[in-house]
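Observations on the model geometry
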Amino acid sequence: MPDIDGIKEAKNFYTDRPQTCEGFFLKGSNSLDWGIKNRLARIFNPQSGRTVMLAIDHGYFQGPTTGLERVDINILPLAPYADTLMLTRGILRSVVPPSTSKAIVLRVSGGASILKELSNEDIAVDIEESIRLNVCPMAVQVFIGGEYEKESIINMTRMVDIGNRYGIPTLAVTAVGKDMARDAKYFQLACRICAELGAHYIKTYYVEKDFDTVTASCPVPIVMVGGKKIPELDALTMAYNAVQQGASGVDMGRNIFQSDAPVAMIQADGAVVHQNMTPADAFDLYRSLKEKG
Ligand code: 5RP
C-alpha cells in the first residue's frame, strides 16, 4: 500500500518551456516506432551514428570457419570492442554469456549449405525465439539475381512484417552470387530493392568505384561487409572509405577474427568507424596494440 499521506503537491510544470520532440539520429528511421528505434539505437552508437558489427555467423552455411573453430576462446575476448555481435541462435545460447550488454544481431535465414545452392534459404527462426532471445535486428540473406531471388526477398519481407509487429528491426544482407558483377550498379539495385521492401538497414559490400552512389540511393543506413581476409591496412582503408562515403558502419568478420591480432584489429576498426581515424593512424594503433599484446 503506497503511503498517500502528506503527498507533496506537484508544482514544477515549466509552463514557459514547450516540450521538445527530437528527430531520430539515424538515416530514414524517424517514422519508425519506439521499440524499433530503441533497438536501432543499441546497434548504432547515437553519438557517432555508426556501428561496428562483429560477424561470426559464417558457420550457419559453411561450418567451422578459420578463426571460429572455438568461439568461446577466440571471439568472446573481442566482444567488449564491438557494438553488436552477429551470430546464430545456436552460438548465442551455447557460448555467449547472457550477461552481455551487446546488441545481438540474430541470423534468422538459413537452410542451405556450401554443398548446395546457397540462395535456397528459408526463414529458420520463429519470431517468438527472437523475442525470447531479446535480439535487436533479425538478419535475412537476400539474393538479388540469384536462383532463389524471389523466395529470399519474400523471406525478408515476411520478417519485416512480423518484426514490425513486435518492434524488432530487420537487417537485409545482400548476398552476391559467384558469377555476378560486384559493382555499384548491382549494389544500388540490391540495396534499393531491400529498402523499398521494408528492410530497416542493409549490409552490403564495398566497391572501389562509386560506392557513394550506393549509399546515396539507399534511403536507410548501409553497413559495409568486410569480405575475405585482406592485409590489415587494406581492411582499415576499406572501412575508412566506406564510412567517409556514407556507410553507417562496418560489419567485419574474417578481417577481424583471422587477423594476426584480432583484439588490436577490432579496436583500430572502431577508431576508424567512430572517430574518423585515418587508415594510417589506425594501422599505427593496430601495430602498437598488437605489440602490447
Ligand atoms: C555470412 C555473413 C557474414 O556475416 C558477412 O559475410 C560478414 O563477414 P565477413 O566480414 O567475414 O565477410 O553475412 O553470410
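Notes on the structure in this doc start here. Please read these numbers as outputs of a predicted model, since none were measured by experiment. (Residues numbered from 1 in each chain as written. Predicted model: local features only at pLDDT ≥ 70, side-chain atom pairs only at ≥ 80, totals over all residues. Heavy atoms only, no water.)

Next up on the list: the environment of A239. Locating A239 in the fold gives a position in helix 9 (residues 232-244). Between the alpha carbons of A239 and D251 there is a distance of 9.3 Å; along the sequence they are 12 residues apart. Those residues in contact with A239 that sit more than four places away from it in its chain are M224, V250, M252, D269 and V272. (Helix = DSSP H or I, 4+ residues; strand = E, 2+ residues; numbered from the N terminus. Contact = heavy atoms within 4.5 Å.)

The two faces of strand 9 (residues 222-225) match: I222 and M224 on one face and V223 and V225 on the other face are all buried. Pairing geometry for strand 8 (residues 201-205) and strand 9, over four bridges, is parallel. Opposite Y205, over in strand 9, you have V225 as the bridge partner. Where strand 9 and strand 10 (residues 249-252) come together, two bridges link them in parallel fashion. (Buried < 20%, exposed > 50% of the residue type's maximum accessible area, 1.4 Å probe, protein only. Pairing = 2+ DSSP bridges.)

For the rest of this paragraph, the subject is the packing of aromatic side chains. With the rule as written, the count across this model stands at seven aromatic pairs. Here the aromatic rings of F24 and F25 are separated by 4.7 Å at their centres, their planes lie at 50°, and the arrangement is tilted. Their ring planes at 50° and their centres at 4.9 Å tell us that Y206 and F211 sit as a pair that is tilted. No difference in accessibility class separates Y206 from F211, as the two residues are buried. Members of the aromatic cluster, each reached through a chain of ring pairs, are Y186, F187 and Y205. Here R17 stacks its cationic end above the ring of Y14, 5.1 Å away from the centre of that ring. Here the guanidinium or amino end of R182 rests over the ring plane of Y205, the centre of that ring lying 4.3 Å away. (Phe/Tyr/Trp six-rings, centres within 6.5 Å; stacked < 30°, edge-to-face > 60°. Lys NZ or Arg CZ within 6 Å of the ring centre and 35° of its normal.)

Moving on, we come to a nonpolar patch on the surface. Together, I114, L115 and L118 make up an exposed nonpolar region whose accessible area comes to about 320 Å². As for its placement among the helices and strands, L115 is situated in the loop between strand 4 (109-110) and strand 5 (122-123). (Patch = residues over 30% accessible without salt bridge, like charges linked within 9 Å, V, L, I, M, F, W, Y side chains within 5 Å. Areas by Shrake-Rupley, 256 points an atom, 1.4 Å probe, with all protein chains shown as cover. Salt bridge = Lys/Arg side-chain N within 4 Å of Asp/Glu carboxyl O.)

Across the five residues of strand 1 (residues 51-55), five count as buried, placing the element largely inside the fold. In strand 1, alternate side chains face the same way, and those of T51, M53 and A55 on one face and V52 and L54 on the other are all buried. Sheet topology places strand 1 next to strand 2 (residues 84-87); three bridges connect them, and they run parallel. Residue pairing for strand 2: M53 is matched across the bridge by T84.

Another aspect to go through is helix 9. For helix 9, built from 13 residues, the straight-helix expectation of 18 Å at 1.5 Å per residue is met to within 8% by its first-to-last C-alpha distance of 18 Å. Of all the residues in helix 9, the buried ones are E232, A235, L236, M238, A239, A242 and V243. The arc that holds every buried residue of helix 9, seen down its axis, measures 155°, which confines them to one face. Buried-residue contacts for helix 9 involve helix 8 (211-216), strand 9, strand 10, helix 10 (254-257), helix 11 (262-275) and helix 12 (279-292). One or two positions beyond helix 9, positive phi appears at G246, with a value near 105°. (Expected span 1.5 Å × (residues − 1). Arc of directions from axis to C-beta.)

What follows deals with the site of the ligand. Lining the immediate environment of the ligand, one finds 17 residues, of which D57, H58, K203, G253 and R254 sit closest. K203 is positioned with one of its side-chain polar atoms (N or O) 2.7 Å from an oxygen atom of the ligand. When the free accessible area of the ligand is taken as 370 Å², the share hidden by the protein chains comes to 95%. Its residues assigned to classes, the shell around the ligand comprises seven nonpolar, five polar and five charged. (Near = heavy atom within 4 Å. Polar contact = N/O pair within 3.5 Å; in protein donor to acceptor, adjacent residues only side chain to side chain. Nonpolar A, V, L, I, M, F, W, Y, C, P; charged D, E, K, R; others polar.)

With the rule as written, the count across this model stands at 12 salt bridges. The partner of D72 in a salt bridge is R70, and the shortest N-O contact between them spans 2.7 Å. Beyond isolated ion pairs, a larger network of salt bridges with shared partners links R89, R93, E129 and R132.

Taken N-terminus to C-terminus, the directions of helix 9 and helix 11 make an angle of 25°; their axes are 9 Å apart at the nearest point. Between helix 9 and helix 11, the crossing angle belongs to the class labelled roughly parallel. As for the relative orientation of helix 9 and helix 11, their crossing is right-handed in sense. Taken together, the residues of helix 11 that come into contact with helix 9 (itself represented by E232, A235, L236, A239, Y240 and V243) are M265, A268, D269, V272 and V273. (Axes fitted to C-alpha atoms, helices over the stretch in contact; angles between N-to-C directions. Parallel < 35°, antiparallel > 145°, perpendicular 65-115°, else oblique. Left-handed = near helix turned anticlockwise from the far one by under 90°.)

Attention now goes to helix 11. Helix length check: helix 11, at 14 residues, gives a terminal C-alpha distance of 19 Å against a target of 20 Å (1.5 Å per residue), a fit within 8%. Taken as a whole, helix 11 has its buried residues at A264, M265, I266, A268, D269, G270, A271, V272 and V273. Tucked into the core, helix 11 has its buried residues touching strand 1, helix 9, strand 10, helix 10 and helix 12. N276 sits one or two residues past helix 11 and shows a positive phi near 55°.

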